[in-house]
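Results of the structural survey
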Amino acid sequence: MATRGRAVKPEHADSHAGERRTARVLVVHGPNLNLLGEREPEVYGSTRLKEIDRELKRLGRELSIAVETFQSNGEGAIVDRIQRARGKTDALIINPGGYTHTSIAIRDAVIALGVPVIETHLSNVYRREPMRHHSTIADVASGRIMGFGADSYYLALRAARGLIDAARRRSA
Ligand code: DQA
């Protein structure tokens, strides 16, 4: 019967079942990133945050990832959002904006979250002022992607899929 046939998984489907199970990824954008497209387009590009978020959700569907996005100009609000994600996300993509270089509170929240973290920047901070070369989360992130404009986020989402798959294989 057709229904019964569909219910039986082919052998090979099981071998990769863990890899394509839906994953959850939270994307956090820090201060001033709400101005993307208007703010220093020569540094940050002309893509608006709304377009980046829309593309992240579309790409998420392609990669079987439920993507949630959040932007705030406030350090406390960012800490609160990361705390709310505890137990509810499989990875975090975060561009802390200017807080990258100063925030111990965001670093502490990232550590407490306990999932793979990808630090993401539109610009290559090492081609800019020395004050931007330090990051409070660099050593607690799984990896850092920067310098590709809006593409940095899309690369980060692909990297998140790989990290989540690897973690699931380890715990299987
Ligand atoms: C940024 C780099 C930071 O130094 C800066 O303060 C930002 C954006 C980036 O995405 O390139 O706001 O995080």
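Reading the values: the criteria
Counting restarts for each chain: residues are numbered from 1 in the order of the written sequence. With the structure being a predicted model, the display of local features is reserved for residues of pLDDT at least 70 and the display and counting of side-chain atom pairs for 80 or more, all residues being used for whole-chain, interface and lining totals. Three classes are used. A residue is buried when 20 or more other C-beta atoms lie within 10 Å of its own, exposed when 12 or fewer do, and partly exposed in between, with C-beta atoms placed from the backbone. Here a helix means four or more residues in a row that DSSP labels H or I, a strand means two or more in a row labelled E, and each is numbered from the N terminus. A pair of strands is labelled paired if DSSP reports no fewer than 2 bridges between them. Think of a nonpolar core as buried Ala, Val, Leu, Ile, Met, Phe, Trp, Tyr and Cys residues, each tied to the set through C-beta atoms within 7 Å. Think of it this way: build a C-beta for each residue from its backbone, and any pair within 7 Å is a contact. What pLDDT expresses is the predictor's confidence in each residue, scored from 0 to 100. Every angle, taken between N-to-C directions, lies between 0 and 180 degrees, and every axis is a line fitted to C-alpha atoms, over only the stretch in contact when it is a helix. Here the angle decides the label: under 35 degrees means roughly parallel, over 145 means roughly antiparallel, 65 to 115 means roughly perpendicular, and every other value means oblique. Helix crossings are classified by the rotation of the near helix relative to the far one: an anticlockwise turn of less than a right angle makes the crossing left-handed, while a clockwise turn makes it right-handed. Three classes are used: nonpolar for Ala, Val, Leu, Ile, Met, Phe, Trp, Tyr, Cys and Pro, charged for Asp, Glu, Lys and Arg, and polar for all others, with Gly counted as polar.

Details of the pairing of strand E1 (residues 23-29)
Taken across its seven residues, E1 has six buried, putting it largely inside the fold. Of the pairings in the sheet, the one linking E1 to strand E2 (residues 65-71) comprises seven bridges and is parallel in character. Counterpart to Ala23 in the pairing with E2 is Ile65. Note that E1 and strand E3 (residues 91-95) share five bridges and pair parallel. By the bridge assignment for E3, Val28 is matched with Ile94.

Here's the deal with the nonpolar core
Formed by 34 residues in total, the largest nonpolar core has its most connected members in Val25, Leu92 and Ile93. Ignoring anything within four residues of it in the chain, the contact list for Leu92 reads Leu26, Val28, Ile82, Ala85, Val110, Leu113, Val115 and Val117.

Here's the deal with the environment of Gly143
With respect to the helices and strands, Gly143 occurs in strand E5 (residues 143-146). Since 16 C-beta atoms lie within 10 Å of it, Gly143 is described here as partly exposed. Considering only alpha carbons, one finds Gly143 and Ile118, 25 residues apart in sequence, at a separation of 5.2 Å. Every residue in contact with Gly143, bar those within four places of it in the chain, is listed here: Ile118 and Ala159.

Focus on the confidence of the model for the protein chain
A low pLDDT means the predicted coordinates there should not be read in detail. With 89% of its residues at a pLDDT of 70 or more, the protein chain shows a mean pLDDT of 91. For residues 1-18, every residue scores under 50 in pLDDT, and the model assigns this stretch four contacts once sequence neighbours within four places are set aside.

Notes on unusual backbone geometry
Phi at Glu40 takes a positive value of approximately 35 degrees, unusual for a residue other than glycine. Take Glu40: it is sitting in the loop between E1 and helix H4 (41-44). By C-beta crowding, Glu40 is classed as exposed, having 12 other C-beta atoms within 10 Å. Backbone geometry places Ser64, a non-glycine residue, at a positive phi of 60 degrees.

Some thoughts on the environment of Gly74
Within the secondary structure, Gly74 is located in the loop between E2 and helix H6 (75-84). By the C-beta count within 10 Å, which is 12 here, Gly74 ends up exposed. Distance in space between the C-alpha atoms of Gly74 and Gly30 is 7.6 Å, their sequence separation being 44 residues.

Looking at the packing of helix H5 (residues 49-62) against helix H8 (residues 151-171)
Relative orientation of the contacting elements H5 and H8 amounts to 25 degrees, with a least axis distance of 10 Å. By the angle between their directions, the pair H5 and H8 is classed as roughly parallel. Considering how the two elements wind past one another, H5 and H8 form a crossing that is right-handed. For the pair H5 and H8, contact is made by Ile52, Glu55, Leu56, Leu59 and Gly60 and by Tyr153, Tyr154 and Leu157, respectively. Split into classes, the residues belonging to the contact of H5 with H8 amount to six nonpolar, one polar and one charged.

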